[in-house]
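If you want the building blocks of each chain, they are given just below.
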Amino acid sequence: MPTTTLRRALARGAARPPWSAAPWRDTRFLAAGIPPALPIWFAVMSPRLSLVILGLVLLCLRPLTALQRSRLRALRGIEVPPLLRADDAPSGLLPRIRTGVSWRQVGYHLLAGPLLALCALVVVYAWGAALAGTTVWAWAWLMPLSSPVRHQWYQLDVPLAVGGAALLAVLPWAAALLSRLEERAAVRLLGPGLAETLEHRIEEVVESRAGLVDAVDAERRRIERDLHDGAQQRLTSLAMNLGLARRTLKDVPPKAMQVIVEAHEEAQAAIDELRDLVRGLHPAVLEDRGLDAALSGIAARAPLPVRLDVRLAERIAPTVEAVAYFTVSEALTNVAKHARASRVDLSVRTAGGRLRLVISDDGVGGADAARGTGLTGLRKRAASVDGTLSVLSPLGGPTTITVELPCAL
């Protein structure tokens, strides 16, 4: 135990007199740990039972650990978290004893727990001896006639009283020190270690990230539906009315007709921009017909020829489909802007639970994510779903972008 912890425990025990509630709470906590250690004591006294008791401890590892955790929670208010969730815990004896936490638990139940319980037993007996010594004048006459205390109490009363008073002075900090030691041992050995805590935290971060990505994708879909069913429909209705007015109103002044014509053209341009915006948020074809049809639409709208080869052997999560769609869309836009290519080959495959996208062009090459060419955004988009992106683009070309994404989050 570190020096600061020792000083804190001693100060905590010395600051509370024996007649206060704190030393008795410490003693009650220590005494509650004695019964679980009795089988180990029996094994030590009878070596023939050692292997049997060791096997029983391994078999009863979970209930013994749950018992100690409940004791800490009920008597000390300390919550010792389990290492694994119920659905992740290994089943069977051998898988459980292979884990590091199981061996720490075995060490606590076979070594640390019994030793601490033995010290707790000494503390409990010391409390009894202290109370008996300080009250020797009150009960000495109750002893049998053959007892030396009955006949020689006038010689033993002072040593017993002084010894009892000394124990009463020492036991509060001894109980505080031992209870603090048992708390630390239980937390260290029955709870997860640093490596397990970090691993569990990483799992939580991965799950929260996947939930965040799904939430963002769901919000994007909602915005797309609202724009498509709301603003786009209103603009379409406005453009239709302006077009009708443009065709039917013949007796309006030329300047008024020019205003109607310009308003009609602006409304049509706004519809086109809004349609592109909606498609950029979340294309309806991706949700209605899947990734293959959505990529076919991108290839058809590209300003250069795109040879598309899609072979999907398994179901892909909707969020991953959206990431793949926008990755291909942005990659083709970058090719059209910077690569000076005459054609693009796009291959899409699924294998081993992974979606693999390969985008190749015959352009000038020299693409570098460090120079801010848009590849950094593509890499971040792939990483948002635990995917990877690699670029092979020597000067003079060709350029090949390989993206691997998980089929399921």
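Residues numbered from 1 in each chain as written. Predicted model: local features only at pLDDT ≥ 70, side-chain atom pairs only at ≥ 80, totals over all residues. Heavy atoms only, no water.

## Considerations on the environment of Ser384
Then, in step 1: Structurally, Ser384 is set in the loop between helix 16 (375-383) and strand 4 (388-392).
Then, in step 2: Here the alpha-carbon distance between Ser384 and Val320, two residues 64 residues apart in the chain, equals 9.6 Å.
Then, in step 3: Among the polar contacts made by the side chain of Ser384, one reaches the main-chain carbonyl oxygen of Arg381 at a distance of 2.5 Å. (Helix = DSSP H or I, 4+ residues; strand = E, 2+ residues; numbered from the N terminus. Polar contact = N/O pair within 3.5 Å; in protein donor to acceptor, adjacent residues only side chain to side chain.)

## Notes on the sheet that holds strand 2 (residues 344-351)
Then, in step 1: Read across the open sheet, the five strands follow the order 1-2-3-5-4; overall the sheet is mixed. Lying at the two open borders of the sheet, with one neighbouring strand each, are strand 1 (306-311) and strand 4. Strand-to-strand twist across the sheet, computed as the mean angle between neighbouring axes with direction ignored, equals 10°.
Then, in step 2: The pairing of strand 3 (residues 354-361) with strand 5 (residues 399-406) spans eight bridges and is antiparallel. Each bridged residue has a counterpart across the sheet, and for Asp361 the counterpart in strand 5 is Thr399.
Then, in step 3: Sitting on the sheet, helix 14 (residues 291-301) is in contact with strand 1, strand 2 and strand 3, with an inclination near 175° to strand 1.
Then, in step 4: Seen against the sheet, helix 15 (residues 318-339) touches strand 1, strand 2, strand 3 and strand 5 and runs at an angle of roughly 10° to strand 3. (Pairing = 2+ DSSP bridges. Axes fitted to C-alpha atoms, helices over the stretch in contact; angles between N-to-C directions. Contact = heavy atoms within 4.5 Å.)

## Let's talk about unusual backbone geometry
Then, in step 1: Phi angles above zero are rare outside glycine, and Arg340 is one such case at about 55°.
Then, in step 2: Within the secondary structure, Arg340 is located in the loop between helix 15 and strand 2.

## Brief notes about the pattern of salt bridges
Then, in step 1: Taken as a whole, this structure holds eleven salt bridges when the rule is applied.
Then, in step 2: The salt bridge involving Glu183 is made with Arg76; its shortest N-O contact spans 2.7 Å. Of this pair, Glu183 sits in helix 10 (residues 153-190) while Arg76 sits in helix 5 (residues 61-76), placing them 107 residues apart in sequence.
Then, in step 3: Its salt-bridge partner being Glu183, residue Arg180 comes within 3.7 Å of it at the nearest N-O pair. Placement of both Arg180 and Glu183 in helix 10 is noted, with a separation of three residues, approximately one turn of the helix.
Then, in step 4: Salt bridges linked by common partners bring Asp26, Arg76, Arg180 and Glu183 together as one network. (Salt bridge = Lys/Arg side-chain N within 4 Å of Asp/Glu carboxyl O.)

## Details of the side chain of Glu182
Then, in step 1: Along the chain, Glu182 falls in helix 10.
Then, in step 2: Here the side chain of Glu182 touches Arg71 through a polar contact of 2.3 Å, side chain to side chain.

## So, the nonpolar core
Then, in step 1: Within the largest apolar cluster, 38 residues are counted, with the highest numbers of intra-cluster contacts made by Leu291, Val328, Leu355 and Leu405.
Then, in step 2: Listed by contribution, the elements that provide at least two residues to this core are helix 14, strand 1, helix 15, strand 2, strand 3, helix 16 and strand 5.
Then, in step 3: At eleven residues, the largest contribution of residues to this core is made by helix 15.
Then, in step 4: Ala37, Trp41, Tyr108 and Ala186 belong to the second largest nonpolar core, which has 23 residues in total. (Core = buried A, V, L, I, M, F, W, Y, C linked by side-chain atoms within 4.5 Å. Buried < 20%, exposed > 50% of the residue type's maximum accessible area, 1.4 Å probe, protein only.)

## Digging into a negative patch on the surface
Then, in step 1: Side chains of Glu262, Glu265, Glu266 and Glu273 sit close together on the surface and give a patch of like negative charge.
Then, in step 2: Along the polypeptide, Glu262 turns up in helix 12 (residues 254-281). (Patch = residues over 30% accessible without salt bridge, like charges linked within 9 Å, V, L, I, M, F, W, Y side chains within 5 Å. Areas by Shrake-Rupley, 256 points an atom, 1.4 Å probe, with all protein chains shown as cover. Lys, Arg positive; Asp, Glu negative; His and termini not counted. Charge placed at Lys NZ, Arg CZ, Asp CG, Glu CD.)

## Quick word on a nonpolar patch on the surface
Then, in step 1: On the surface, a nonpolar cluster with roughly 310 Å² of combined accessible area is contributed by Leu38, Phe42 and Met45.
Then, in step 2: Relative to the helices and strands, Met45 resides in helix 3 (residues 38-45).

## What about helix 3?
Then, in step 1: Of the residues making up helix 3, those classed as buried are Ile40, Trp41 and Ala43. Relative to the axis of helix 3, the buried residues are bounded by an arc of 160° and lie together on one face. (Arc of directions from axis to C-beta.)

## With respect to the packing of aromatic side chains
Then, in step 1: Applying the stated criterion across every chain, the model contains two aromatic pairs.
Then, in step 2: Ring plane angle 35° and centroid distance 4.4 Å describe the contact between Trp24 and Trp127, whose orientation is recorded as tilted. In this pair, Trp24 sits in helix 2 (residues 21-32) while Trp127 sits in helix 7 (residues 100-134), placing the two residues 103 residues apart along the sequence.
Then, in step 3: Look at Trp24 and you get partly exposed, because its relative accessible area is 37%.
Then, in step 4: Look at Trp127 and you get buried, because its relative accessible area is 3%.
Then, in step 5: Measuring from centroid to centroid gives 5.2 Å for Tyr325 and Phe326, while their planes differ by 80°, and the two rings are edge-to-face.
Then, in step 6: Residue class for Tyr325 comes out buried when judged on its relative accessible area of 2%.
Then, in step 7: A residue is classified by how much of its surface remains accessible, and Phe326, at 7% relative accessible area, is buried.
Then, in step 8: The ring of Phe29 carries the charged tip of Arg76 above its face, separated from the ring centre by 5.0 Å. (Phe/Tyr/Trp six-rings, centres within 6.5 Å; stacked < 30°, edge-to-face > 60°. Lys NZ or Arg CZ within 6 Å of the ring centre and 35° of its normal.)

## Some remarks on the pairing of strand 4
Then, in step 1: Relative to strand 5, strand 4 runs antiparallel, the two sharing five bridges. The residue of strand 5 that forms the bridge with Leu392 is Thr400.
Then, in step 2: Once strand 4 ends, the chain turns through six residues before running back antiparallel as strand 5, passing Gly396 with a positive phi of about 95°.

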